Amino acid sequence: MSWPHKWGDLAAGSFLFGRVADRLPPLKLYAWLEIGIGCYGILYSPIVEYAKDFYFSTASELAVGSLAHIIIKLLLAFLTLILPTCLMGGTLPALSWFFVRSLGNVGTRVALLYFINSFGAVAGTLLVGFYVVEQLGLIVGLLATGSVNFILGLLILIMDRVLAQRTPEDTVSQEPDKQQIMYEPRIVNIAMAGIWLSGFTAMIYELVWF
């Protein structure tokens, strides 16, 4: 039941941080998002233990499968996953704003970033699912991966400071915009509906395969 919730939080994070990515230093924003994800990964085990104790203390008197029982389970899943998944959803908009220097290369740059992001997710799933959990255990695996996120965020903060010293803030990209094709709102709405339908069916595939 947490899969739709997780992807919903990713979408919410992408929407929320996408609205502020153009008003904040994008690389610094990405670094703090990674640090936040890493900290939550490190603290996730005690958080889940607390949620589990709360669940058994409140749901023990409820009939299994009852509406109240299901609501408690969904609420705990929501509360334990909303923060890290929202932070994860904000990483791609932050990186997109950093790498996209003109409207003319939006499609190419964002597509490349999405490919790299998705490929990394697949590689991480395979590595953790078939090696890290088996060899290190779930708790140590969470600590290790959370530490990687935390260290990555710190390194990016250092890189952002170095780039800020080398590049003037008022530097304007010299890359010219390509001619943009403007579409009618009706066509844009149809395309957005198609994108939504594609994500909807992809979510069904994930649930069925799982």
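The structure this text deals with has already been given above.
Note that the coordinates shown come from a computational prediction; the quantities given were computed from them, not determined experimentally.

Draft legend 1. A nonpolar patch on the surface, seen in detail. Nonpolar side chains collect at one region of the surface, where L112, F115, I116 and F119 lie side by side and expose about 440 Å² of accessible area between them. Structurally, L112 can be placed in helix α4 (residues 106-136).

Draft legend 2. Region of interest: the side chain of S96. Here S96 shows up in helix α3 (residues 67-99). Under the relative-accessibility criterion, S96 is labelled buried at 12%. Apart from residues no more than four positions distant in its own chain, S96 is found in contact with V110 and L113.

Draft legend 3. Structural view of helix α2 (residues 26-59). For α2, spanning 34 residues, the distance from its first C-alpha to its last is only 43 Å, which falls clearly below the expected 50 Å at 1.5 Å a residue. The sharpest bend along α2 measures roughly 55° and falls at Y44, with the proline P46 sitting one to four residues further on.

Draft legend 4. Just the packing of α2 against α3, in detail. Across the interface, α2 lies against α3 with an axial gap of 9 Å and an inter-helix angle of 175°. When the interaxial angle is binned, α2 and α3 end up roughly antiparallel. A breakdown of the residues in the contact of α2 with α3 according to their chemical character gives 25 nonpolar, six polar and two charged.

Draft legend 5. Looking closely at the nonpolar core. Core analysis: the largest hydrophobic core is formed by 16 residues, its most contacted members being L29, Y30, L33, A94 and I156. For this core, the secondary structure elements donating two or more residues are α2, α3 and α5 (138-166). Counting residues per element, this core draws most heavily on α2, which supplies seven residues. Excluding anything up to four places from it in sequence, A94 contacts A21, P26, L29, Y30 and L33.

Draft legend 6. Inspection of the environment of L81 at higher detail. Within the secondary structure, L81 sits in helix α3. Under the relative-accessibility criterion, L81 is labelled buried at 18%. A sequence separation of 37 residues divides L81 from Y44, and the C-alpha atoms of the two residues are 9.5 Å apart.

What counts as what
Residues numbered from 1 in each chain as written. Predicted model: local features only at pLDDT ≥ 70, side-chain atom pairs only at ≥ 80, totals over all residues. Heavy atoms only, no water. Patch = residues over 30% accessible without salt bridge, like charges linked within 9 Å, V, L, I, M, F, W, Y side chains within 5 Å. Areas by Shrake-Rupley, 256 points an atom, 1.4 Å probe, with all protein chains shown as cover. Salt bridge = Lys/Arg side-chain N within 4 Å of Asp/Glu carboxyl O. Helix = DSSP H or I, 4+ residues; strand = E, 2+ residues; numbered from the N terminus. Buried < 20%, exposed > 50% of the residue type's maximum accessible area, 1.4 Å probe, protein only. Contact = heavy atoms within 4.5 Å. Expected span 1.5 Å × (residues − 1). Bend = angle between axes of the 7 residues up to and from the residue. Axes fitted to C-alpha atoms, helices over the stretch in contact; angles between N-to-C directions. Parallel < 35°, antiparallel > 145°, perpendicular 65-115°, else oblique. Nonpolar A, V, L, I, M, F, W, Y, C, P; charged D, E, K, R; others polar. Core = buried A, V, L, I, M, F, W, Y, C linked by side-chain atoms within 4.5 Å.

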